[in-house]
Every structure is written in C-alpha cells, then in structure tokens.
Amino acid sequence: MTPRLRILSNVIERLSKLKTAVNGHVYGVMCETALTVLAFSVESKNEEQEETTITNVNLQLSMPVEIDLLGVLFVDQCEQKIPDAFQDIDVTDNPLILKYWTKESSVQPFFYIHQKLETAGDFEIVSEDYVCQHFVYIRLLASLPLFAEKENVVDTLQESRKKIASGKVAFYFPQSNVYLFGNDSESNLKESSAKEILNSVDSHENSKNQKNHKKSSSHIVNAVPVDMLLKLSNDKATDGAAKHAPVIHQQTRRHFEFLEFNLKIDALSLVERNTTLSRLYEVLVESVCRNLRLIGKSFEEQIENNTSKMKLPIPMHFKPTDFGHLMTIAYLAESTAKENSEYRKSLHKTLVLGMTRPMFREGNAVQFRSDLSNNDPLFNPHEAISVSNTPNGKLSLVYGCYSYHHYMQDNFDDNGWGCAYRSLQTIISWYRLQGYTEKSILNHKDIQKCLVKIGDKPGNFIGSKQWIGSTEVGFVLETFLDISIKVLCASSGDEMKNLVPNLAYHFETQGTPVMIGGGVLAHTILGVSLDDTTGEVRFLILDPHYTGAENLSTIINKGWCGWKTKEFWKKDAFYNMCLPQRPFCF
C-alpha cells in the first residue's frame, strides 16, 4: 500500500515557474503513513558547470528539524539512475519521485517500493493554513559557552553536539511552564501527548489578541518558545566506579589563537501537534545539533579562507515569498549584503526564487511574535481588513511588508504637521523589510537635515514644525535610499479615479507604498480596486493622522486603515503622488 501524499499548493505554483528540463529534490514532513511535500530544490550549477553550489546536506541544515529529504524531482523527463537519485534519502523506505511537465503544467507522483515504481494515485493539494492547523513551529533560543583553539573550533562544536545528544540537556517551555528532561523518555511520560505544550502558542496568541488586538502578518511568525538548560554537574559516582590517581599532562610551549565567546543558538523545528513528549525531546535535541552543524559550516569556511579574525555566525530565519516553510541562514556578524551575495545568488537559483527581489537579506528576516512589545509599530494592518469590507473587482495591492507609522509615535508630538514625515517613514520601512536597505528609519529631524543638506530647505528648517509634501518625500527617498521615484498628479479629487489604472500598474510592477499629498493632508496609498462591470474605484488608505496606541482593532474599525471611495478626495484640492521605484536585485 502506497503512503498517502499531500503537496503544498505553494510547491505547485513554484513548479509552474520552471521552463526547462532539470533534476531536483523534494522536501517535507513524514507522519505515520503520510508524506506532506513542502518545498523543492533544483540542481543549480556553478559557472564552470562542474558541480552544484549548494548540496542537499547543506540545504537541509537550513531547514527546520522534521523537514527532511523525501525524494527527487524530474522535470520534463530529465532523469538519472534511480538508485543514485535516492542515495541521500534516509527517512523513508519508500522515496517519492515527483515528475513535472512544463508544457502541460502537470504533476505525476510515484513511490519507489521494492525497487519498483508505483503510482501514488490521487494526492491532496493543501494550503499553508493546513500546515498551520496540523503543525507548529518551535523556536529554541540558547547561549552556549565556547572555548576552543581557532583550528579546533569545529571539533569543539562536535563535542558539544555529542554532549547534547547524550541527553545532558533539559528544555523549558515558558508559555506552559513545563520542563522536559531526557529521562522522561524512559518513564511513563514516554507516550504522553505534547499537545498541551504545542497548543500553548494558540492560547497565548488568543489572549494577546484580546489585549492588544494584534494579528499575524506575513512578516510575523508564531512559534512555541523554548529554553535549553545544560547539565553542568557530574552524576554521583557509583560504588563500583573505578578510581584513578590524578594525571598531569605537560605540553611543549607553542603559540595558538584561543577563541572564547557565547555562541547564539537559534534553532527551529516544525512539529506535528499530535507528537509525544519523548519524540518532542528528540526533535529539540536534533534542532540544537542541526543548528550547531550549520554554525560549524561557517567556521569551516572561515578557516579554509584563512580569515585573520574569526567572526561569530548569527542564525537568522527567513520565509521567502511562496515558499513552504522557514529557512535558517547563519550569517557572520557585521557581514554586509555584498559579502553574502554569491551565497544568496546560489540559494535563489537552487530554490527557484527569481533574481528580481531580495529574499535572504538581513532585512528579510522574519520576526517572532514573542519578541514584539506592545509599543512596536504594527506590520501590514491592511491584512486584518475582513473580506466583507474588501471591494469587488480587480485588486492591486502593496507587495510584502511595511510598518505603520503615524502621529505621536516614539513619544514625539507631531500632531498637526508630521503626516508626510510619517508616510515617508512607512515607505522607508518597506525598503528595510524587503531587504533593499539596512539603513535605519529616519526621524523627523534627520529628514529635515537631509532636505537642508541637498539645498531644498534653509538651515532654520531643522527643528521646525513645517510641513513637507510629496516633492520633499521624493527628494529624501532619492538621496537617502539612492532610488528613483515617479510622480503622478491630479488637478482635483475628481481626477483621482482616472489615475487608478496607473496606480494599479505601479502596485503590480513595483509594489511600494505610495505617498500622496493634497491640500494640507498627506496619506499613504496601499492599493486600488477597479470593478470593470460597474466602473467603481476604491483606494486602500493608510492614514498617518492616527494618534492612538498600536491597537489594530481600533485602527481597522475606525477606518484609519481601510478602503475609501473616490469621494475621499477633496474636489478642490490638487494632489501629487510620489511613487517610489524598487531596484531589481536579489
């Protein structure tokens, strides 16, 4: 009997982007007799076309534990010998073969059972919501003291992995106040369900929503937080333990470089909600070991490159667009996007992510809800608008993630004059969160200094409460971010409806928020809607004039972020729109 098969819809969508014959691999989770495919990779060759730049082993180190190599991908009959294709697969006795034909956009899965191919029959296409309902992320944070000679740092990490794998660690779940020890696997807890621990992220989120009215956005990830405790004391010696005289080891004097630091562990696992406590312990141990192996690769590369000063690898987590799960990358501390460009290029090719948008720059790293405070700006509040309040017709919306900036934030009183400044901050946040820049969001005074520096304003403009408009916003974006902007103008509010096709094209090709100034007010446009049947147009507006706390419910229900009709614009006002352009890069 062949296993049940589920394929994430994101995988089907990404397969449709393939245009040439290629081999690859598929990854996912295996639970009982069911396989769920979450992602795939293709063989990305280097310029000499000699070998792949990212191996399966290295790629899997970046995946959450429980996501494993399940099988191979053959596109347009580009195949290899079956036994060779399965050599790296060790989590299932029935590897999966996924065949895809680009012309027909069709998928046909097979299982390799008893050295024969058997069709998988009907398979189920599932959404990311299905994954969220049946699986949960666990994020393990820890600090591991590390003392080692420079040349032996990788060996020291291996010793640390052995110690952790031997069960000399315990785990603490703060949300449910539960400790998990290695010896629990031998007790009556062995088959006990871990559902209470894993579902704590849902109850914690619900209580937080009731208080703060925050909702998940595409940039925010819910995960069960867990801490790791190391066993420092030795076990009490048994009566029959051998006793030895002290041993002194003398080594000839030599010079060596000694490293001493606290290694940051930031490990992920994707766990089925019905798992047992004993299995959960094993998964957490493996997540730490996988994280250490990932970090060890960074040290190996530094040693091979004869790096004069060793840098500490810092794990970061990413969720590329249309990708099935989180990825963990260990970047060196203080490294730049330029220094990491070749590795990111290889990732984009291997994971078929295109070369026009960054996916793995530091700004692209996801944020975890447990790390956010109540005073942090909201991300993507427009995603909380209910379907019933969304207009009919074709929608063209902002791409990716931004943070909502408005009056009175950061304990700074700009009520009545700072709306355009806040709209500009929202736009800069978009470029940061998409990975186009690592620069910090400018405050009001820095914006004024920029305009004075380029000669647009006199010196006494700094520290004033003077308004700025779309022209000044464009000047700052061009100067500060080194990007280009385009301008749209409407001679009156009535003319705004005629510019909806232009705005729709902007959101579909650029995806950046649009700042609009008219009269004495400034707003941010996040999208437009056009109903071809009725001719009705709508504008998705983010209003920087809001003065309250970061309360999503109030912001949505009171219309500070929402869809507006053409009557929103004043008939006697002249409107200028600043349309920031995005760089085409990776």
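Check the entry above for the structure.
Each residue is numbered by its place in its chain's sequence as written, counting from 1. Two thresholds apply to this predicted model, a pLDDT of at least 70 for residue-level local features and 80 or more for giving and counting side-chain atom pairs, whereas whole-chain, interface and lining totals are computed over all residues. As a rule here, side-chain values cover all heavy atoms of the structure and leave hydrogens and water aside.

### Some remarks on the overall build of the protein
So the rule is basically this: Each helix corresponds to a stretch of at least 4 residues labelled H or I by DSSP, and each strand to a stretch of at least 2 residues labelled E; elements are numbered beginning at the N terminus. Computation of the radius of gyration draws on C-alpha atoms alone. For the globule rule, the value is 2.2 Å times the number of residues to the power 0.38. Any residue under 20% of the maximum accessible area for its type is buried, any over 50% is exposed, and the rest in between are partly exposed; the area is computed with a 1.4 Å probe on protein chains only. Per-residue accessibility takes into account occlusion by the displayed protein chains alone, with areas from the Shrake-Rupley method and a 1.4 Å probe. When charges are counted, neither His nor the chain ends are considered; positive counts come from Lys and Arg and negative counts from Asp and Glu. By convention, the point assigned to a charge is CZ for Arg, NZ for Lys, CD for Glu and CG for Asp.
Within the protein, the secondary structure is distributed over 14 helices and 24 strands. For 586 residues, the compact-globule estimate of 2.2 N^0.38 gives 25 Å, and the protein sits close to it at 27 Å. C-alpha extents for the protein along the principal axes are approximately 95 × 60 × 55 Å. Evaluated residue by residue, the protein yields a buried proportion of 52% over its 586 residues. As displayed, the protein offers around 29000 Å² of accessible surface, 48% of which is attributable to carbon and sulfur atoms. Taken together, the 61 basic and 70 acidic charged side chains of the protein have centroids lying 3 Å from each other.

### Quick word on the pattern of salt bridges
As a reminder of what qualifies: Only one rule defines a salt bridge in this text: a Lys or Arg side-chain nitrogen within 4 Å of an Asp or Glu carboxyl oxygen.
Tallied over the full model, the rule gives 14 salt bridges. Lys17 is the partner of Asp322 in a salt bridge, and the nearest nitrogen-oxygen pair spans 3.7 Å. Of this pair, Asp322 sits in the loop between strand 15 (313-318) and strand 16 (327-332) while Lys17 is found in the loop between helix 1 (9-15) and strand 2 (22-31), placing the two residues 305 residues apart along the sequence. A salt bridge links Glu282 to Arg279; its shortest N-O distance comes to 3.0 Å.

### Considering a nonpolar patch on the surface
For the record, the criterion: Exposure above 30% relative accessible area and the absence of a salt bridge qualify a residue for a patch, where like charges join within 9 Å and nonpolar side chains (Val, Leu, Ile, Met, Phe, Trp, Tyr) within 5 Å.
A grouping of Tyr179, Phe181 and Leu229 is seen on the molecular surface, where their side chains present a nonpolar patch of about 280 Å² in accessible area. The exposure class assigned to Leu229 is partly exposed, which follows from its relative accessible area of 36%.

### Focus: the pairing of strand 3 (residues 34-42)
Put simply, the rule reads: Note: two strands are recorded as paired if DSSP finds a minimum of 2 bridges between them.
Most of strand 3 is tucked away: 9 of the 9 residues are buried. In this structure, strand 1 (residues 4-8) lies alongside strand 3, joined through 4 bridges in parallel fashion. The residue bridging Arg4 from the neighbouring strand is Ala34, located in strand 3. One ladder, built from 8 bridges, connects strand 2 with strand 3; its direction is antiparallel. Bridge pairing in strand 3 links Tyr27 to Ala39. Turn length for the strand 2-strand 3 hairpin, with the two strands adjacent in sequence and antiparallel, is 2 residues, and the turn residue Glu32 shows positive phi of about 55 degrees.

### So, the packing of aromatic side chains
Applied cut-off: What counts as a ring pair is set by centres within 6.5 Å for rings of Phe, Tyr and Trp (its six-membered ring), and what kind of pair is set by the plane angle: stacked under 30 degrees, edge-to-face over 60, tilted for all other angles. Counting as a charge over the ring demands two things of the Lys NZ or Arg CZ atom: a distance within 6 Å of the ring centre and an angle within 35 degrees of the ring normal.
Inspection of every chain in the model, using the stated rule, returns 15 aromatic pairs. Between the aromatic rings of Phe318 and Tyr331, the centroid separation amounts to 6.2 Å while the plane-to-plane angle is 75 degrees, which identifies the pairing as edge-to-face. In this pair, Phe318 is assigned in strand 15 and Tyr331 in strand 16, connecting sequence segments 13 residues apart. For the residue pair Phe318 and Tyr331, the accessibility class agrees, reading buried in each case. For the ring pair Trp569 and Tyr575, a centre distance of 5.3 Å and an interplane angle of 75 degrees mean the geometry is edge-to-face. The structure contains a cluster of three or more aromatic residues connected by ring pairs, namely Phe539, Phe568, Trp569 and Tyr575. The ring of Tyr399 has Arg357 sitting right over it, with the charged end atom 3.7 Å from the ring centre.

### As for the environment of Leu395
So the rule is basically this: Should any heavy atoms of two residues lie within 4.5 Å, those residues are counted as being in contact.
Here Leu395 lies in strand 18 (residues 394-397). By relative accessible area, Leu395 is classed as partly exposed at 35%. A C-alpha to C-alpha distance of 52 Å links Leu395 and Pro145, two positions 250 residues apart in sequence. When residues no more than four places from it in sequence are discounted, the contact partners of Leu395 are Thr390, Val528, Ser529 and Trp563.

### So, the environment of Ser484
Following the sequence through the fold, Ser484 ends up in the loop between helix 12 (470-481) and strand 19 (485-490). According to the relative accessible area criterion, Ser484 is partly exposed, its value standing at 43%. Here the alpha-carbon distance between Ser484 and Val473, two residues 11 residues apart in the chain, equals 12 Å. If we skip the residues at most four places from it in the chain, Ser484 touches Leu579, Pro580 and Gln581.

### Examining the sheet that holds strand 2
Note the cut-off: Only C-alpha atoms enter the line fits that serve as axes; for helices the fit covers just the stretch in contact. Angles between N-to-C directions range over 0 to 180 degrees.
Across the sheet, 8 strands lie side by side as 7-6-5-4-2-3-1-8; this open sheet has mixed pairing. Edge positions in the sheet fall to strand 7 (116-119) and strand 8 (124-126), since each of these pairs with one other strand and no more. For this sheet, the mean angle separating the axes of adjacent strands, direction not counted, is 35 degrees.

### Here's the deal with helix 8 (residues 277-304)
Threshold: Helix span, expected: 1.5 Å multiplied by one less than the number of residues in the helix.
If you check helix 8, its first and last C-alpha atoms are 41 Å apart, about what 28 residues at 1.5 Å a residue would give, namely 40 Å. Looking at the residues trailing helix 8, positive phi occurs at Asn306, about 55 degrees.

### A word on the nonpolar core
Which entries qualify depends on this criterion: Buried residues of nine kinds, namely Ala, Val, Leu, Ile, Met, Phe, Trp, Tyr and Cys, make up a nonpolar core once their side-chain atoms join them within 4.5 Å.
Ranked by size, the top nonpolar core spans 64 residues in total, and within it Leu15, Phe40, Leu73 and Phe360 carry the most contacts. Phe40 has contacts with Val11, Arg14, Leu15, Leu18, His25, Val26, Tyr27, Leu73, Thr350, Leu351 and Val352, leaving out every residue within four places of it along the chain. Among the nonpolar cores identified, the runner-up in size contains 42 residues, and Ala420, Leu542, Cys578 and Cys585 belong to it.

### Looking at the environment of Val42
Mapped onto the fold, Val42 is located in strand 3. Residues Val42 and Val75 lie 33 residues apart in sequence; the distance between their C-alpha atoms is 9.5 Å. Aside from chain neighbours lying at most four places away, what touches Val42 is Leu18, Val22, Asn23, Gly24, Leu73, Lys349, Thr350 and Val352.

### Regarding the sheet that holds strand 10 (residues 169-173)
Judged by pairing direction, the sheet is mixed, and its 5 strands sit side by side in the order 11-10-13-9-14 without closing on themselves. For this open sheet the edge positions go to strand 11 (178-181) and strand 14 (258-272), each flanked by a neighbour on one side alone. Going across the sheet, the axis of each strand differs from the next one's by a mean of 25 degrees, ignoring polarity. When strand 10 meets strand 13 (residues 224-230), the two strands line up antiparallel, connected through 4 bridges. If you follow Val169 over to strand 13, its bridge partner there is Leu230.

### Let's talk about unusual backbone geometry
Residue Glu334 is not a glycine yet carries a positive backbone phi of 70 degrees. Along the chain, Glu334 falls in the loop between strand 16 and helix 9 (341-350). Note on Glu334: relative accessible area 74%, which makes it exposed. Located in the positive-phi region is Asn411, a residue other than glycine, with phi close to 55 degrees.

### Quick notes on the pairing of strand 4 (residues 68-75)
Taking burial as the measure, the 8 residues of strand 4 include 8 buried ones, the bulk of the element. Judged from the 7 bridges that link them, strand 2 and strand 4 form a sheet pairing that is antiparallel. Note on strand 4: the bridge partner recorded for Gly24 is Leu73. The pairing of strand 4 with strand 5 (residues 96-101) spans 5 bridges and is classified as parallel. Counterpart to Gly71 in the pairing with strand 5 is Leu96.

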